[in-house]
Amino acid sequence: MDTISLKLFQGIGRYGVLLALLALILFGWLRYDNFLGAFNVLSVLRYNSMFALVALGMCFVIITGGIDLSVGSTAALSSVAAALLSPYGVLPGLLGGLAAGLAVGACNALIITRLNILPFITTLATMLAASGCALLLAENQSVSVSYESGFTELGQGDFLGFPIPAWIALAAYLLGSLVLNLTSFGRTVLAIGGNEDAARLMGLPANKVKALVYLASGGLSGLAGVILAAQFGAGQPIEGVGWELFAIAAVVVGGTLLTGGVGSVGSTLAGVLLLGLIFNILNFENGLGWISLSAYWQSVIRGAFLLLVVAIQARLSMRTEEAA
Amino acid sequence: MSETATTLSTEHRASRVDTRILLTRHGAWIALVLLILVNLAITPNFATWQTLNVNLTQVCTIVIVGVGMTLVIATGGIDLSVGALMAIAGALAPLIFLGKLFPLPHPAIGIALAFVIPVLATGALGWFNGWLVTHLRIQPIISTLVLFIAGRGIAQVFTNGNLQVFNLPSFQFIGLGRVFGIPFQAILMITIVGIAAWMLRRTVFGRQILAIGGNERAARLAGVPVASVKQRVYLISGLLSGVAGLIVIARNSAADANLVGLGMELDAIAAVAVGGTLLTGGRATVVGTLVGALIIQLVRYTLLANGVPDAAALVAKAAIIVLAVWLQRQSHR
């Protein structure tokens, strides 16, 4: 295979998700009246910012070659903690939720780096534990947040005409992108995922960086939990089921390889929006009234979409391997 | 290199290693016996037929799915789709025997088909998982994530998300029937565990599974038909998930596509891990998975029977998983 088509293939692999996102937006804009109206755009961003935060942490974890299954129940635990602290003001609620997330992240980090247990099984266990703690804290029911303290602004409010949760997610993604691309921490993250033993032998602080990555994933899930509580007015101990797999799907759709060593923060955001827009378009399609697809189709379509993307990726990487 | 280091140090500390090996090799069995002894001492009415039946029926579906999961993990893979496949089998069976899918010539045929078609369908989906893993070379966790996401949706679309209620003793025998006072599902479970354990130890297929998990490239060079073995392993996992789905709906006299098999993938993986199967593949024990599932269930039962809330039992379950895997790691040093 000649170099031009090889480059083309690599380009599709890298920017494929952006092209697909643009195509989907174009489709929606042409087909539905208010698709790009301020109300729809802002509510899509507001709702998906929680998933975006969780997926950002997942992206870093996956680049190191690990996985974090605990993000969903961590968000649930944080939403309960934030709701319980919300009567004391915005800041205590925010910090309480964040602290709960960081605590779960610290457990993951300690078990994975000190006890040397696989990330998959570690975070499976902490997922159960966080969920148990959330139920205990909330006494098996949802905890309503205080509306007087202004805590709900974190989820429902706007700043400069743009939803506050979307600002938070945007800031997190900018920071994440800077950290991954411009700092030695980011390069170490990529090196660990490429070859952990080699990274260690080069003297990179592999354990420290891995620990920080899981801590960050916990913290971001904590923020997502705070937004969850603020947006829906309640701490929800049983929410977050399946978030981890949604986040993994978004990261993979974004082109980050699960084998680690390669990844992009921006593509992950595109992956989140892509999966989120599928739901949005389904709603619009039902609104047109020609066909009526139940909400259950959402997961079928998402699954099919994931299949399509990974199949294309697999084909591309096989071609690239053959050419190389 | 680490292999030689292990053998050297074992020679030096032979006596200490004996107890260590005993603890780690048979740790799961020891834990199970301890749990039973503790329960005999503190839990009222523990040594009754009913307690046994309650605990057995609770673990049945986890173990049946866990057997397939053990084989998949033994090849170095993972199957996240099992719970969703259970939902599909559970949604299909009532549609068939209630005659909603196609007209039935005779009720008995409907019941026979309600056993066969759902299990074949989930088997086919398992085959599809294996195809993604072997032919498109997509990682198992992603390959099976596709059906994890889409599978439950498919089941919900079939039934429009509605609860299907039924009362059909001949079908429900698989979940409610008893043979000599023992629940039929427990007999089914033991049979499946027995066959799988025999297969893994005594047949060429079993050795090939372990060889692939131990070192896939070496296995391929040694002439093991890697793709075909992996394909069959995912097929088995799919078939067993289908059986488990039928048991769940038979037990409940109702099929709810939203709930059947929810979280099953995690329960099964936990049982496999606690039972002593290496999660990176190459070493597996089917009987261990049975023991692992029993331990997790007994801990929960012990806590619940002694007034501890269910949520706290979740935290205990997490601790057991970490502890069990950590202990196993110690034996490999």
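Remember, it's a predicted structure, so these values are computed and weren't measured experimentally. (Residues numbered from 1 in each chain as written. Chains lettered and ligands numbered in written order. Predicted model: local features only at pLDDT ≥ 70, side-chain atom pairs only at ≥ 80, totals over all residues.)

(A) Representation of the overall build of chain B. Within chain B, the secondary structure is distributed over 15 helices and four strands. Relative to its length of 333 residues, chain B is compact, with a C-alpha radius of gyration of 21 Å against a globular reference of 20 Å. Taken along its principal axes, the extent of the C-alpha atoms in chain B is 70 × 55 × 35 Å. When the 333 residues of chain B are sorted by exposure, 47% land in the buried category. Within chain B, residue pairs in contact and separated by at least 24 positions form 78% of the contacts whose partners lie at least 6 positions apart. (Helix = DSSP H or I, 4+ residues; strand = E, 2+ residues; numbered from the N terminus. Rg over C-alpha atoms; globule rule 2.2 N^0.38 Å. Buried ≥ 20, exposed ≤ 12 C-beta atoms within 10 Å, placed from the backbone. Contact = placed C-beta atoms within 7 Å.)

(B) Expanded view of the overall build of chain A. Scanning chain A from terminus to terminus reveals 13 helices and four strands. Here the C-alpha radius of gyration of chain A, 20 Å, is about what a compact globule of 324 residues would show, namely 20 Å. Across the 324 residues of chain A, 52% fall into the buried class. Nonlocal contacts in chain A, meaning residues at least 24 apart in sequence, comprise 77% of its contacts between residues at least 6 apart.

(C) View of the nonpolar core. Core analysis: the biggest nonpolar cluster contains 204 residues, and Val54, Ala55, Ala247 and Ala249 of chain A together with Ile321 of chain B have the highest contact counts within it. Filtering out sequence-adjacent residues up to four positions away, isoleucine 321 of chain B remains in contact with Ile121, Leu124 and Ala125 of chain A together with Ala270, Ala273 and Val274 of chain B. (Core = buried A, V, L, I, M, F, W, Y, C linked by C-beta atoms within 7 Å.)

(D) Quick look at the UniProt feature "transmembrane region" (unreviewed entry) in chain A. Residue and element names in this part refer to chain A. In this structure's numbering, the residues bearing the UniProt feature "transmembrane region" (unreviewed entry) are residues 12-30, 50-77, 89-111, 117-138, 159-180, 211-233, 245-278 and 290-312. For the annotated span residues 89-111, helix accounts for 96% and strand for 0% of the residues, and the straight-line distance between the end C-alpha atoms is 34 Å. What you have in residues 117-138 is 91% helix and 0% strand, and the ends, taken at the C-alpha atoms, are 30 Å apart. (UniProt positions renumbered as here; feature names shortened; annotations may be inferred.)

(E) A look at the interface of chain B and chain A. Taken together, the contact between chain B and chain A spans 36 residues of the former and 39 residues of the latter. Mapped onto the side of chain B that touches chain A, the elements with two or more residues apiece are helix H7 (140-159), helix H13 (264-275) and helix H15 (310-332) of chain B. Looking at side-chain class alone, the side of chain B that touches chain A contains 27 nonpolar, five polar and four charged residues. (Nonpolar A, V, L, I, M, F, W, Y, C, P; charged D, E, K, R; others polar.)

(F) Structural view of the packing of helix H9 (residues 184-202) of chain B against helix H10 (residues 204-214) of chain B. All names here are of chain B. Where H9 contacts H10, the two axes come as close as 5 Å, and the packing angle between them is 75 degrees. With respect to H10, the element H9 is oriented roughly perpendicular. Every residue of H10 that contacts H9 at Met199, Leu200, Arg201 and Arg202 is listed here: Phe205, Gly206 and Ile209. (Axes fitted to C-alpha atoms, helices over the stretch in contact; angles between N-to-C directions. Parallel < 35°, antiparallel > 145°, perpendicular 65-115°, else oblique.)

(G) Up close: the UniProt feature "transmembrane region" (unreviewed entry) in chain B. With numbering aligned to this structure, UniProt lists the feature "transmembrane region" (unreviewed entry) at residues 21-42, 54-73, 80-102, 108-128, 140-159, 179-200, 233-251 and 311-327 of chain B. Annotated as 100% helix and 0% strand, the span residues 54-73 of chain B places its first and last C-alpha atoms 28 Å apart.

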